[in-house]
Amino acid sequence: MTIPSDLTVTSTGCTATIGGTSMECAMVGKSVTATHSLTSSVAEKEIIIAFDQITNPSSTKPTESFLIYSQEQVSGTYYSVDGVISGFGYSVSTLGSITSATVTRDSLNSDKDGLKTGKSTNFLFSFVIANDLATDGAISLIMPTESDAKISSTSTDYQCSATD
């Protein structure tokens, strides 16, 4: 078995069984090999391979495929018998949480125009993300359809006018 390159292996330990009987298991880099010494047929028996300390990908993007083969050894060389070579990846399906989220509008002046309907205001969004954000990552904020966002392409300051 070969572990996809977008998963990080931090341990070399693994365990394996075939039909409930222990197998020898070894992990080198991203390659896992489980061998058995049974003399009876193992066809149609469930094989379970477990390994710890694999770091999930940094997003919900599906991983590359795991490569899984059964192999026969002939004179020290392994030849494939069964295999799954594509379409067998996975993705993290649970998003991390955004917590401590607050949205604050600016009153803008003593007349509190920024709090009135149909008037421009400034928003301050504050929140905490659970997972690391990659250097080239982004935060997406989708404004409600009731707002009229005025975004300048020449400034990092964005202004929105809202009609509460």
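Our structure is the block above this text.
Here is a short report on the structure shown in this document.

It is worth spelling out the overall build of the protein chain at this point. In terms of helices and strands, the protein chain carries zero helices and 13 strands. Looking at the protein chain residue by residue over its 164 residues, the buried ones come to 12%. Sequence-distant contacts, at least 24 apart, represent 51% of the contacts inside the protein chain between residues at least 6 apart. Accessible surface computed for the protein chain: about 12100 Å², of which carbon and sulfur atoms make up 51%.

Here we have four strands laid out as an open sheet, ordered E4-E3-E2-E5, and antiparallel in their pairing. Since the sheet does not close on itself, it has two edges, and those belong to strand E4 (31-35) and strand E5 (47-51), each with one partner. Within the sheet, the average angular offset between the axes of one strand and its neighbour, ignoring direction, is 25°. Taken together, the five bridges between strand E3 (residues 21-28) and E4 define a ladder with antiparallel strand orientation. Paired with Ala26 across the bridge in E4 is Thr33.

Glancing now at the nonpolar core. Nonpolar side chains in soluble globular proteins tend to be buried together. Counting residues in each nonpolar core, the largest one holds ten residues, listed as Ile3, Leu7, Cys14, Ala16, Ile18, Met23, Cys25, Met27, Val32 and Phe66. Those elements giving two or more residues to this core turn out to be strand E2 (14-18) and E3. Excluding residues that lie within four positions of it along the chain, Cys25 makes contacts with Cys14, Thr15, Ala16, Val32, Thr33, Ala34 and Ile49.

Turning next to the side chain of Thr63. Its place among the elements puts Thr63 in the loop between strand E6 (54-55) and strand E7 (68-74). Thr63 sits in the buried class, given a relative accessible area of 9%. Residue contacts for Thr63: discarding those within four places in its chain leaves Pro4, Asp6, Leu7, Pro57, Gly89 and Tyr90.

Glancing now at the pairing of E2. The two faces of a sheet get side chains in turn, since along a regular strand they alternate between them. Burial along E2 is one-sided: the face carrying Cys14, Ala16 and Ile18 is buried and the face carrying Thr15 and Thr17 is not. Where E2 and E5 come together, five bridges link them in antiparallel fashion. What sits directly across from Ile18, in E5, is Ile47. Relative to E3, E2 is paired through three bridges, and the arrangement is antiparallel. Among the inter-strand pairings, Ile18 is bridged to a residue of E3, identified as Thr21. Where E2 folds back on E3, the antiparallel hairpin that results is connected by two residues, among which Gly19 adopts a positive phi of roughly 55°.

Another point: the pairing of strand E9 (residues 98-105). Along E9, only zero of the eight residues are buried, which leaves the element largely exposed. Note: E9 against strand E11 (residues 123-129), six bridges, orientation antiparallel. Of the residues in E11, the one forming a bridge with Val103 is Phe125.

With that out of the way, let us pick up the state of the cysteines. Inspection of every chain in the model, using the stated rule, returns one disulfide. Each sulfur of the disulfide joining Cys14 and Cys25 lies 2.0 Å from the other. When the S-S torsion is -120°, as for the bridge of Cys14 with Cys25, the disulfide is left-handed. Placement of the pair is Cys14 in strand E2 and Cys25 in strand E3, with a sequence separation of eleven residues. In this structure, Cys14 and Cys25 share a single accessibility class: buried.

Criteria and cut-off values
- Within each chain, residues carry numbers counting from 1 in the order of the written sequence.
- Under the rules for a predicted model, residues below a pLDDT of 70 receive no local features and side-chain atom pairs below 80 are neither given nor counted, while totals for whole chains, interfaces and linings still include all residues.
- Hydrogens and water molecules were not included; the side-chain quantities draw on all heavy atoms of the structure.
- Here a strand is any run of E in DSSP of at least two residues, a helix any run of H or I of at least four, and the numbering for each starts at the N terminus.
- A simple rule labels every residue: compare its accessible area, found with a 1.4 Å probe on the protein chains alone, to the largest value its type can have, and call it buried under 20%, exposed over 50%, or partly exposed in between.
- It only takes one pair of heavy atoms within 4.5 Å for two residues to be counted as in contact.
- Values of accessible area rely on a 1.4 Å probe in the Shrake-Rupley scheme; residue burial ignores everything except the protein chains shown.
- Following DSSP output, two strands are said to pair if at least two bridges run between them.
- Only the stretch in contact is used when a helix axis is fitted, and all axes are lines through C-alpha atoms; the angle between N-to-C directions ranges over 0 to 180 degrees.
- Among buried residues, those of type Ala, Val, Leu, Ile, Met, Phe, Trp, Tyr and Cys that are joined through side-chain atoms within 4.5 Å constitute a nonpolar core.
- The disulfide criterion is simple: two cysteine sulfur atoms within 2.5 Å.

On their own, these measurements won't tell you what the molecule is for.
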